Amino acid sequence: MAKRQVIEFPGMYQHSNPAPGCIMIGNMVFSGSISGFDIETQSDPDGLEEQIANAFDNMRRTIEAAGGTTDNIARVMIYLHDMDHRDIVNHEWIKMFPDEANRPVRKVLTADIPKRLHIQLEMTAVI
């Protein structure tokens, strides 16, 4: 039986809770919360657009650390404080997944995420 393998990359945000940010079991990849954390500054930027762009970049980095590409992502959960930010999310979504015939499924929800954050992503992938 396959065992959990923790997936990490240099500079990856380290959760304060006792759980990894991403794991792989067999060929399945499951992320925890992926935020707009800035890997270069090791902080959460204040800007909405920057946080959302960073979150998508961090999701790409996570799937690549697992040995895949964004083409391996099957499902993305998107958590926002404010649904009015969907236009910015859609802009980043189309940048990451430009082929409308080759996009993962997604669900966008308003959620009680930490106040300093504008977005959190969660992904499931098959490699």
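Please read all numbers here as calculations on a predicted model, not as lab measurements.

**Student:** Help me understand helix 2 (residues 86–96) in this model?
**Tutor:** In an α-helix, one turn spans 3.6 residues; hence positions three or four apart end up facing the same way. Burial in helix 2 covers these residues: Ile-88, Val-89, Glu-92, Trp-93 and Met-96. Projected onto a plane normal to the axis of helix 2, the buried residues spread over an arc of 140 degrees and lie on a single side. Residues Asp-87 and Lys-95 are exposed on helix 2 and point more than 90 degrees away from its buried face.

**Student:** What am I meant to see in helix 1 (residues 48–65) here?
**Tutor:** Taking 1.5 Å of rise per residue, 18 residues should cover 26 Å, and helix 1 covers 26 Å from first to last C-alpha, within 8% of that figure. Of all the positions in helix 1, only Gln-51, Ile-52, Asn-54, Ala-55, Phe-56, Asn-58, Met-59, Thr-62 and Ile-63 are classed as buried. Looking at the packing, one finds that the buried side of helix 1 touches strand 2 (22–25), strand 3 (28–31), strand 4 (34–35), strand 5 (73–80), helix 2 and strand 7 (119–126). Immediately downstream of helix 1, the backbone of Gly-67 shows phi near 95 degrees, a positive value.

**Student:** What exactly am I supposed to notice about the pattern of salt bridges here?
**Tutor:** Where charged atoms from two side chains of opposite charge come close, those side chains can pair. This structure, assessed with the given rule, holds five salt bridges. Residue Glu-92 pairs with Lys-95 through a salt bridge whose shortest N-O separation is 3.5 Å. Pair noted here: Glu-92 and Lys-95 are both in helix 2, with a separation of three residues, about one helical turn. Taking the relative accessible area as the measure of exposure, Glu-92 reaches 10% and is therefore buried. Each of the salt bridges in this network shares a partner with another, and the network as a whole consists of Asp-57, Arg-60, Arg-61 and Glu-64.

**Student:** Help me understand the nonpolar core, please; the structure alone is not making it clear to me.
**Tutor:** Buried together is how nonpolar side chains tend to be arranged in soluble globular proteins. Counting residues in hydrophobic clusters, the biggest one holds 29 residues, and the most contacted among them are Val-29, Phe-56, Met-59, Ile-73, Ile-78, Ile-119 and Leu-121. Broken down by secondary-structure element, the contributors of at least two residues to this core are strand 2, helix 1, strand 5, helix 2 and strand 7. The leading source of residues in this core is helix 1, at five residues. Other than its neighbours up to four places away in sequence, Met-59 contacts Ile-34, Ile-73, Val-76, Met-96, Phe-97, Leu-121 and Met-123.

**Student:** Got a minute to help me understand the pairing of strand 2 in this structure?
**Tutor:** Every regular strand shows the same layout, with side chains that alternate between the two sheet faces. As defined by bridge partners, strand 1 (residues 5–6) adjoins strand 2 across two bridges and the pair is classed as antiparallel. Looking at the pairing, Val-6 lines up with Ile-23 of strand 2. Direction of pairing for strand 2 relative to strand 3: antiparallel, over a ladder of four bridges. Counterpart to Cys-22 in the pairing with strand 3 is Ser-31.

**Student:** It is not clear to me how the side chain of Asn-58 should be interpreted in this structure. Could you clarify?
**Tutor:** You can see Asn-58 is positioned in helix 1. The contacts of Asn-58, once residues within four sequence positions are left out, are Phe-9, Ile-34, Ser-35, Gly-36, Phe-37 and Ile-39.

Cut-offs and rules
Residues numbered from 1 in each chain as written. Predicted model: local features only at pLDDT ≥ 70, side-chain atom pairs only at ≥ 80, totals over all residues. Heavy atoms only, no water. Buried < 20%, exposed > 50% of the residue type's maximum accessible area, 1.4 Å probe, protein only. Helix = DSSP H or I, 4+ residues; strand = E, 2+ residues; numbered from the N terminus. Arc of directions from axis to C-beta. Expected span 1.5 Å × (residues − 1). Contact = heavy atoms within 4.5 Å. Salt bridge = Lys/Arg side-chain N within 4 Å of Asp/Glu carboxyl O. Core = buried A, V, L, I, M, F, W, Y, C linked by side-chain atoms within 4.5 Å. Pairing = 2+ DSSP bridges.

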